[in-house]
Amino acid sequence: MLLDKALMAFASVSLSLIAKLFLHTNKTEVEMPEEGSIIYCNHTSDLDFISLLYALYPRRDVRFVVSDVQYDKTRLRKWLFKHLGIIRKQQGTHDLVCVKKIIKNVRAGKVVVIYAAGMTSYDGRQAWVALPGSANLGKMLKCPVYVALIHGGFLNRPRHASKLYRGRLDISVKRLFSSEEIALLPIAVFLVLYLGLGILFEYVLKIPMGFYNIPIVVTFLAALFVACGQNRSVTFDRKLELM
């Protein structure tokens with residue numbers, strides 16, 4: 001809709017200006033995400049979304065996942081969030097409706113931002129690793145996965161604080177993995193083991209024709225084990241059927 005596009009354009013420009021001029025947001029290392037990707041972001045402040053919009057500017061296809069408490073706070077906010085494409089997440093439950101909306105947006109080429117549990121950090125440390133459930137969502141969708149790291153949000157408006165402080169923010173966005181990289185992991189394991197053992201036998205242990213003496217079955221089984229460990233949404237029996 002035209003209204004949705006206009007609101008998103010206005011929010012992107014105005015909030016980016018606020019992030020730059022008032023919050024002193026500094027882009028330290030930003031890798032612009034591809035279409036149809038997921039960004040996991042640590043949550044240090046109620047203003048984190050402003051900083052992330054600034055870091056991703058001029059992208060206007062960013063969709064945030066917001067808790068139902070924030071989403072339903074006022075009628076005006078609910079109306080705005082709806083037209084801005086914000087995805088509502090019911091806290092404390094397995095919200096399948098939210099998951100379906102995330103999948104729909106990613107497949108439509110949108111960039112979905114999730115504040116994943118396990119990534120909360122008030123000082124920005126130890127916030128690059130998402131919990132397995134969050135990471136598996138990206139693997140299931142076979143889409144690129146990025147992580148945004150915010151330092152200094154606690155200096156502006158700490159979570160659950162009523163007062164706004166003036167400070168400085170540093171934000172980084174980098175890619176964790178893409179679907180192609182995950183798919184090639186078993187092949188990489190096989191090659192590393194094969195070449196590593198071949199070099200060990202041939203040049204270190206001085207075994208004649210070392211590459212021909214490699215336990216090829218062992219290297220193959222190791223690669224197969226890695227492949228079976230991927231995509232936990234598929235049962236082991238189903239994986240055996242596919243193989």
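Cut-offs applied
Residues numbered from 1 in each chain as written. Predicted model: local features only at pLDDT ≥ 70, side-chain atom pairs only at ≥ 80, totals over all residues. Heavy atoms only, no water. Helix = DSSP H or I, 4+ residues; strand = E, 2+ residues; numbered from the N terminus. Buried < 20%, exposed > 50% of the residue type's maximum accessible area, 1.4 Å probe, protein only. Contact = heavy atoms within 4.5 Å. Areas by Shrake-Rupley, 256 points an atom, 1.4 Å probe, with all protein chains shown as cover. Axes fitted to C-alpha atoms, helices over the stretch in contact; angles between N-to-C directions. Parallel < 35°, antiparallel > 145°, perpendicular 65-115°, else oblique. Nonpolar A, V, L, I, M, F, W, Y, C, P; charged D, E, K, R; others polar. Pairing = 2+ DSSP bridges. Salt bridge = Lys/Arg side-chain N within 4 Å of Asp/Glu carboxyl O. Patch = residues over 30% accessible without salt bridge, like charges linked within 9 Å, V, L, I, M, F, W, Y side chains within 5 Å.

Chemist: When you look at the overall build of the chain in this model, what are you seeing that I'm missing?
Modeler: Each helix and strand in the chain was counted, giving 10 helices and 7 strands. Residues counted as buried form 39% of the 243 residues belonging to the chain. In the chain, once contacts between residues fewer than 6 apart in sequence are set aside, the share between residues at least 24 apart is 68%. Carbon and sulfur atoms make up 63% of the accessible area of the chain, which amounts to about 14500 Å² in all.

Chemist: Help me out: how do you make sense of the packing of helix α1 (residues 2–21) against helix α2 (residues 48–56) in this one?
Modeler: Any two packed helices are characterised by the angle at which their axes cross and by the distance between the axes. Where α1 meets α2, the axes come as close as 8 Å, and the angle between the chain directions of the two elements is 100 degrees. Accordingly, the angle class assigned to the pair α1 and α2 is roughly perpendicular. Mapping the contact onto sequence places Met8, Leu15, Ser16, Ala19 and Lys20 in α1 and Phe49, Ile50, Ser51, Leu53 and Tyr54 in α2. A per-class count over the contact of α1 with α2 returns 7 nonpolar, 2 polar and 1 charged.

Chemist: How should I be thinking about the pairing of strand β3 (residues 62–67) in this particular structure?
Modeler: Side-chain positions along a regular strand alternate between the two faces of the sheet. The element β3 is extensively covered by neighbouring structure, given that 6 of its 6 residues are classed as buried. Alternating positions in β3 separate into two faces, Val62, Phe64 and Val66 on one and Arg63, Val65 and Ser67 on the other, with burial throughout. Direction of pairing for β3 relative to strand β5 (residues 111–114): parallel, over a ladder of 3 bridges. In the strand pairing of β5, Arg63 is matched with Val112.

Chemist: What is the right way to look at unusual backbone geometry in this model?
Modeler: The phi torsion of most residues other than glycine is negative, and most of the peptide bonds are trans. Of the consecutive residues Tyr57 and Pro58, the connecting peptide bond is found in the cis state with omega at 15 degrees. Checked against the element boundaries, Pro58 lands in the loop between α2 and β3.

Chemist: Even after reading the chapter, I still don't get the pattern of salt bridges, so can you show me in this structure?
Modeler: Side-chain pairs of opposite charge can arise where the charged atoms are in close proximity. Applying the stated criterion across every chain, the model contains 2 salt bridges. In this structure, the salt-bridge partner of Asp61 is Arg59, at a minimum N-O distance of 2.7 Å.

Chemist: What is the right way to read a nonpolar patch on the surface from this model?
Modeler: Among the surface-exposed residues, Ile187, Leu191, Leu195, Ile199, Leu200, Tyr203, Val204 and Leu205 lie close enough to one another that they form a single nonpolar patch of about 760 Å² accessible area. Its location among the elements puts Leu195 in helix α8 (residues 185–204).

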